[in-house]
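Summary of the model geometry
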Amino acid sequence: MAMIRNKARHRLVAVSLILPFVAIFALVFAYPVVEVVRMSFTNAPLIGGGEWIGLDNYIRLFSDKLFYTSVVNNGYFVLLTVIPTTVIALGIALAVNRLSGRMQALVLVMFFTPYVLPVSVVTQIWAWMLDFQFGILQPVIEFFTGKSVPVFKNPNWVMPTVATVTIWWTNGFNVLLFLAGLRNIPTELYEAAALDGATRRQLFWRITWPLLWPVTALVLTLQLILQLKIFDQIYLLSEGGPFNSSYVLLLMVYREAFQLNHGGYAAAISLVLFLLIVVISVLQFQILRIGGKGK
Amino acid sequence: MKIKTFVTASAVAAVLGAMSPAWAQQTVTWWDFFVGGDGVRMKALIDEFNAEHPDIEVKATSLEWGVPFYSKVRTSAAVGQGPDVMTYHLSRMPLGLSEGVLSPITEDDLQAAGLSEGDFFETALDAARDPSGQLHAVPFDIHSIVLYYNKSFLEGSRFLDEEGNLTGIESVADFEEAMQVAAENGSETPLTYATGDDGGAYRVFYTLLAQQGGTLISEDGEVLPGDSTDKAVKAVEIMTKWHEEGWQPEQALYEASVALFTSGKSAFQLNGVWEVPTMKDLEEGGKLGFEWGAVEVPKLMDSQTTWADSHAFAIPHQGDKEMSPEKREAVMTVIGWMEKHAISWAGAGHIPAYKPVAESEEFTTMQPNATYATLADRATYDPRSEVAGVASPAYDAAENIISPAMHGYMSPEEAVEQVKSELQSRMN
C-alpha cells in the first residue's frame, strides 16, 4: 500500500514539475504552430478567420517567382556567413587563447561588444559608415575599386555587405563557444605530444581540431539556423532591393502579412521556411556527426 | 469608523461617477505619424484645442510612419484597443477598406463637426470614399511634390521673370535647359530628389507618368494597361537621362537629397510641400544664403498634373465594441475644429482640403503655398489599389526597381516589365 501511494506521489511531483513547462510550451509554441498550419490553408487576413481554401496558398507560393528568388538569396546568405563566421571565430579564439590574464579579458571584451548591441544600432552604424555620399568607409572602397559604391543599392554588393555586417555583429558569441571548447582540452595532451616531438601544425590537426569538433559542429548548426532566419539586417539596410537581389523568405512573410494583409499566404511561407530550417539543420547536424566520428 | 468613512466616500464617488457623462470630460485618444516639422505644428494645434475645450481632452501619440503604423492600426482596431481618431493617408484607403478598419463617416457625424461635404475639394473627397460613395475619412489636406528653386543659379537667364520668379519651363527640354544653365552657373547637382529612396523615385516617376496621361493601375486591376507601359518607359528614360547627365544626385537618400538643396548645391528640388517649413525656418534663421521659391511642378509633358495624396482623419472600428455617441461627438468636434484651424497646418506647406480655409484671404496670400495651391484641382492621386499608396508595393517597386534602373543597372524597358509583373503578382 505504502509503495503504491509513494508511486502516486512521485508521479504527482513529477507532473507538477513538468506541468509549467508543458503549459508554456503548449501556449507559446505548440498552439501557434498548429494555428499557423491551419491558417496556411485559409485565405485569412492578418487578423481574424478566413475561409478554407485547401492547397491554394501553396500552389500560389510554388508558382511565385519571388519565392524562388528568396530561397536562392537565403541560400546565398547562408553560404556567405556560416562557414566564414565559423572559421573567423575559430581563428580569433585560437589567438585569444594564447593571451592570458587581463589582456585576454580585454581582447575578448573587444570582440564581444558588437554582439551586445541591438540590431538597429548595428545597422545604423554601418549604414552611416557606408553611406554613398558621406560614409567614412567610401574612401576605402574607392581605394580598391576606383569609385564609390552605394553598397546597399548595388545588386552585387548588397548581400556580401549585409553578410559582413552580420559576421561583425554576431562573431563574439562564437568566439566564446570556441574558447570554452579550447579550455576543455586537457593540457596534458599537448604536453605529451610536445614530448613526442609534435610540431605546431600536428598539435592543431591531431589534438585541437578533433577535440574541438563537437563545438565546431554546434557553431555551424546554430549559425545555419540563425542565418536562415535573416530578416532584421535586410529590412533595415536594403529592404530586399535592388530588384529583389536581397529579398529573403522572412521579408516576404513580413510584407505579405503586414503590408498586404495576407495572413494565410504569409503562414504558408513561414511554414515552408520552418520546414526548410528543420530539414536542413537536422541533415547538417547528422552529416557533421558522421564527419566527427570518422576522425 | 475609518472604514465607514471610506465606504461612504467611495459610494459618493461612484454616484458622481455614474452621473458624470452629462458634464464629464471626454478623453479622445489620438494617433498620428507626424514627427518632423509638421509634427511640431500638429502638437501646437492639439495643445490649442485642449486649452479651448475644457470638456474634451485629446491625448496624442505619434507613431512611426509607414507599414508599422498601418499594421498597428489594423491589429489594435481588431481587438478594440485602437485610438478614437487617427490620421490616415487617403492613398491607403483601399487597404483600409479591405481590412475593414475604418468606420463610416455619416452625414450626422459631419453635422456634429459642423462640416458638410461641399466644404471640401472634390479630388480629396473622392479619395476618402468607398466604391459606393460612403465617406470613411475626413480629408485634412492635399500635399504633393512641388518644384523648389534656388534663384541664384538662374539669374540672368530666361528662366527668371522681372520679379525674380521661375518662368519659361513648359517642357522637358526647357527643364533640361534650365538644369544645364544652372550647371554652368556652378550648381553641383542642378536637380535634387531622393533618387535612392522609395518616395523620391516614386513621386517623380508617377508625376511624369501622369503628365503623359498614363495609368499605373487601372480600375479593374491591370498594371500599366495599354500604352501606359510605353509612357512608363519614357518616364524612366527621362530620369535615367538626368542621372547620366549628372544633373541629379546618385543614390541620394531622403536627408541627403534635402541637404543638397538647402546647402545651395542644387538649383532645383522636386520634393513634398512638407519641406516648406524647413526652408522657411532656415531663411528666418538667416542660414539659407540664397533666395528660393516653390511652384507647382511645371507642365513637362502633355498635361499639367502632379502626384498628390491627402492626410485625413479617420475613426477606426473599436473591435466588438461600439463607440459611445458622446465619445463620437467629441471626436467629430475635434475633427471639425482641426479643419477650421487648418491655416496653422498650411504653415507646414500643405494645402487645406477644407475650402473655407483654402479660400480664405489668409491662405491665398500665404507664400509659397498660394503659388502652388492651384494644383489642388488638377492633382493625380495614387491609383485606387491595395498595392498602391504610401508604404505599399508600388513604393517598394520604385526603390527596388526604378531607382536601380535609372542608375544604370537595368534598361528602362526591363525595369517597367519588372514593375508590372511585381505589382501584378502582389495583387492576387
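Residues numbered from 1 in each chain as written. Chains lettered and ligands numbered in written order. Predicted model: local features only at pLDDT ≥ 70, side-chain atom pairs only at ≥ 80, totals over all residues. Heavy atoms only, no water.

To continue, consider the overall build of chain B. Helices and strands together make up the secondary structure of chain B, namely 19 helices and twelve strands. The C-alpha atoms of chain B give 24 Å as radius of gyration, which agrees with the globular expectation for 428 residues (22 Å, within 12%). When its C-alpha atoms are laid out on the principal axes, chain B stretches across 90 × 50 × 40 Å. Per-residue burial for chain B yields a buried fraction of 60% across its 428 residues. Long-range pairs, those at least 24 residues apart, make up 76% of the contacts in chain B with a sequence separation of at least 6. Here chain B contributes 28 positively and 66 negatively charged side chains, and the mean placements of these two sets differ by 7 Å. (Helix = DSSP H or I, 4+ residues; strand = E, 2+ residues; numbered from the N terminus. Rg over C-alpha atoms; globule rule 2.2 N^0.38 Å. Buried < 20%, exposed > 50% of the residue type's maximum accessible area, 1.4 Å probe, protein only. Contact = heavy atoms within 4.5 Å. Lys, Arg positive; Asp, Glu negative; His and termini not counted. Charge placed at Lys NZ, Arg CZ, Asp CG, Glu CD.)

We now examine the interface of chain A and chain B. Of the residues lining the interface, 31 residues belong to chain A; the matching set on chain B comes to 34 residues. Both sides together, the interface formed by chain A and chain B hides about 2,600 Å², and carbon and sulfur atoms give 50% of it. Together, A:Lys153, A:Phe243 and A:Gln259 form the three largest contributors to the area buried by chain A at its contact with chain B, with a combined 28%. Between chain A and chain B we count four salt bridges in total. Residue A:Asp64 pairs with B:Arg426 through a salt bridge whose shortest N-O separation is 3.0 Å. Where the side of chain A that touches chain B is concerned, the elements lending two or more residues are helix H3 (65-98) and helix H11 (249-259) of chain A. By residue class, the composition of the side of chain A that touches chain B is 14 nonpolar, nine polar and eight charged. (Buried area = accessible area lost by both parts, 1.4 Å probe. Salt bridge = Lys/Arg side-chain N within 4 Å of Asp/Glu carboxyl O. Nonpolar A, V, L, I, M, F, W, Y, C, P; charged D, E, K, R; others polar.)

Glancing now at unusual backbone geometry. Put simply, A:Gly241 and A:Pro242 share a cis peptide bond, and its omega is -15°. Inspection of the secondary structure assignment puts A:Pro242 in the loop between helix H10 (232-237) and H11. The linkage connecting B:Gln367 with the following residue, B:Pro368, adopts the cis geometry, with an omega of 0°. Secondary-structure assignment places B:Pro368 in the loop between helix H15 (361-364) and helix H16 (369-372).

Residue and element names in this part refer to chain B. The five strands are arranged E2-E1-E3-E10-E4 in an open sheet whose pairing can be described as mixed. Two strands bound the open sheet, and with one partner strand each, they are strand E2 (56-62) and strand E4 (138-139). Against the sheet, helix H12 (residues 325-340) touches strand E1 (26-32), E2, strand E3 (85-89), E4 and strand E10 (311-314), its axis set at about 55° to E1. (Pairing = 2+ DSSP bridges. Axes fitted to C-alpha atoms, helices over the stretch in contact; angles between N-to-C directions.)

This part takes up the UniProt feature "domain: ABC transmembrane type-1" (unreviewed entry) in chain A. Mapped onto this structure's residue numbering, the UniProt feature "domain: ABC transmembrane type-1" (unreviewed entry) falls at residues 71-284 of chain A. A helix fraction of 78% and a strand fraction of 0% characterise residues 71-284 of chain A, whose end C-alpha atoms lie 18 Å from each other. (UniProt positions renumbered as here; feature names shortened; annotations may be inferred.)

In this section: the environment of A:Leu276. Within the secondary structure, A:Leu276 is located in helix H12 (residues 263-294). Through-space distance from the C-alpha of A:Leu276 to that of A:Ala217 is 19 Å; in sequence the pair is 59 residues apart.

What follows is about helix H9 (residues 200-228) of chain A. Between the first and last C-alpha of H9(A) there are merely 36 Å, a value that for 29 residues lags more than 12% behind the 42 Å anticipated at 1.5 Å per step. The largest bend in H9(A) is about 55°, located at A:Trp213, with the proline A:Pro214 one to four residues further on. (Expected span 1.5 Å × (residues − 1). Bend = angle between axes of the 7 residues up to and from the residue.)

Turning our attention to the packing of aromatic side chains. Under the counting rule described, the total for this entry stands at 37 aromatic pairs over all chains. A ring pair is formed by A:Phe204 and A:Trp209, whose centres lie 6.3 Å apart and whose planes are at 40°; its orientation type is tilted. What links up through ring pairs into an aromatic cluster is the set B:Trp30, B:Phe33, B:Phe34, B:Phe69, B:Tyr70, B:Tyr88, B:Phe140, B:Phe313 and B:Trp345. When the ring centre of A:Tyr265 is taken as reference, the NZ or CZ atom of A:Arg60 above it lies at 3.8 Å. (Phe/Tyr/Trp six-rings, centres within 6.5 Å; stacked < 30°, edge-to-face > 60°. Lys NZ or Arg CZ within 6 Å of the ring centre and 35° of its normal.)

Our focus in this paragraph is the side chain of A:Gln284. Residues and elements named next belong to chain A. Here Gln284 is to be found in helix H12. Its relative accessible area of 17% is what places Gln284 among the buried residues. Ignoring anything within four residues of it in the chain, the contact list for Gln284 reads Leu220, Thr221 and Leu224.

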